[in-house]
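For reference, the chains in residue letters:
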Amino acid sequence: MFDVTRYAIAAQSIIDAGRFLYGQGWSPATSSNYSARIDEGHIAVTVSGRHKGQLVAGDVMVVDLGGKAVQSNARSSAETQLHTVLYQTFPEVGAVLHTHSVKATVLSRLLPTGEPLILQGYELQKAFSGIDTHESELTVPVFDNTQDIPALARQTGEWFRQHPEQPGYLIRGHGLYTWGRTMSDCLRHVEAFEFLFECELETMRVRR
């Protein structure tokens, strides 16, 4: 069982995030999926196929950390395990956002296979929790897109257990995953990543 008041707070944070992210053009149509922790064993997560700019309470369901629906016949995103593995890996994480922006999608396709995106020297790196100087290096791994979500969940979980300080990753041709202690932290991370992705793409353009 889960606390319904905590569920309602988590669901509202997801609804509000969806309106903001859709408004920015980072979660078009029914793409993307969002989640927020309710307690140590449950998360609220978007129902599959729902328009993220028009979310209502019925578009947010509860699953356990194994991805199984709780008190619902709805179906969560096929990528739910990519959320639950992060909550399992990082007990302090309170929210996970997956977006499908143009910049994240294009940049992930331009990076050489097997190479991460290295961000360094940007003042806005300090927007990420735990980073207090631009004289740092932020490594954003790029995982190949796949329909085998359990395998991708294992792959991402293993990588972030070895690199717990890194706040996000890209899926090639697909989008961004990032997380934070609160939904506000998570939204700040999305905004920072989007700015940095645009900087990287503009740098590539100028150097051509």
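Residues numbered from 1 in each chain as written. Predicted model: local features only at pLDDT ≥ 70, side-chain atom pairs only at ≥ 80, totals over all residues. Heavy atoms only, no water.

In the nomenclature of an unreviewed UniProt entry, the protein chain is known as Methylthioribulose-1-phosphate dehydratase of Marinobacter iranensis. The protein chain has a UniProt comment under Catalytic activity (unreviewed entry) that states "5-(methylsulfanyl)-D-ribulose 1-phosphate = 5-methylsulfanyl-2,3-dioxopentyl phosphate + H2O". Its UniProt record, at the heading Function (unreviewed entry), says of the protein chain: "Catalyzes the dehydration of methylthioribulose-1-phosphate (MTRu-1-P) into 2,3-diketo-5-methylthiopentyl-1-phosphate (DK-MTP-1-P)." (UniProt positions renumbered as here; feature names shortened; annotations may be inferred.)

To continue, consider the overall build of the protein chain. Summing up its helical and strand segments, the protein chain has five helices and nine strands in all. Start at the N end of the protein chain and walk to the C end: the helices and strands fall as α-β-β-β-α-β-α-β-β-β-α-β-β-α. Computed over its C-alpha atoms, the radius of gyration of the protein chain comes to 16 Å, within 12% of the 17 Å expected for a compact globule of 208 residues. Dimensions of the protein chain along its principal axes, counting C-alpha atoms only, are 55 × 35 × 30 Å. Expressed as a percentage of the 208 residues in the protein chain, the buried residues total 52%. Across the protein chain, the fraction of contacts at a sequence separation of at least 24, relative to all contacts at a separation of at least 6, is 61%. Positive and negative charge centroids in the protein chain, built from 18 and 23 side chains respectively, lie 5 Å apart. (Helix = DSSP H or I, 4+ residues; strand = E, 2+ residues; numbered from the N terminus. Rg over C-alpha atoms; globule rule 2.2 N^0.38 Å. Buried < 20%, exposed > 50% of the residue type's maximum accessible area, 1.4 Å probe, protein only. Contact = heavy atoms within 4.5 Å. Lys, Arg positive; Asp, Glu negative; His and termini not counted. Charge placed at Lys NZ, Arg CZ, Asp CG, Glu CD.)

Bringing helix H1 (residues 4-23) into the picture now. Counted at 1.5 Å a residue, the expected span for H1 with its 20 residues is 28 Å, and the 28 Å between its end C-alpha atoms agrees. As for H1, its buried residues are in contact with strand E1 (33-39), strand E2 (42-46), strand E3 (60-64), strand E4 (95-99) and helix H5 (183-207). If you check the start of H1, you find a side-chain oxygen 2.9 Å away from the backbone N of Thr5, and it comes from Asp3. (Expected span 1.5 Å × (residues − 1). Polar contact = N/O pair within 3.5 Å; in protein donor to acceptor, adjacent residues only side chain to side chain.)

The next point concerns the side chain of Gln166. Relative to the helices and strands, Gln166 resides in the loop between helix H4 (149-162) and strand E8 (168-171). According to the relative accessible area criterion, Gln166 is buried, its value standing at 6%. Engagement of the side chain of Gln166 in a polar contact is seen with the side chain of Glu165, the distance being 3.1 Å. In contact with Gln166, other than residues within four places in its own chain, are Glu137, Leu138, Thr139, Trp159, Phe160 and Trp179.

Moving on, we get to the pattern of salt bridges. Tallying each qualifying case throughout the model produces six salt bridges. The closest approach of N and O atoms between Asp144 and Arg172, which form a salt bridge, is 3.1 Å. Of this pair, Asp144 sits in the loop between strand E7 (142-143) and H4 while Arg172 sits in the loop between E8 and strand E9 (175-180), and the two are 28 residues apart along the sequence. A relative accessible area of 45% places Asp144 in the partly exposed class. Two residues, Asp185 and Arg188, come together in a salt bridge whose shortest N-O distance is 2.9 Å. One end of the pair is Asp185 and the other is Arg188, both in helix H5 and three residues apart, which spans about a single turn. Overall, the relative accessible area of 17% leaves Asp185 in the buried class. (Salt bridge = Lys/Arg side-chain N within 4 Å of Asp/Glu carboxyl O.)

What follows concerns the sheet that holds E8. Spatially, seven strands are ordered E3-E2-E1-E4-E9-E8-E7 in an open sheet, and the strand pairing comes out mixed. Two strands bound the open sheet, and with one partner strand each, they are E3 and E7. Each of E1, E2, E3, E4, E8 and E9 is contacted by helix H2 (residues 80-89), which is oriented at about 40° to E1, the strand it contacts most. (Pairing = 2+ DSSP bridges. Axes fitted to C-alpha atoms, helices over the stretch in contact; angles between N-to-C directions.)

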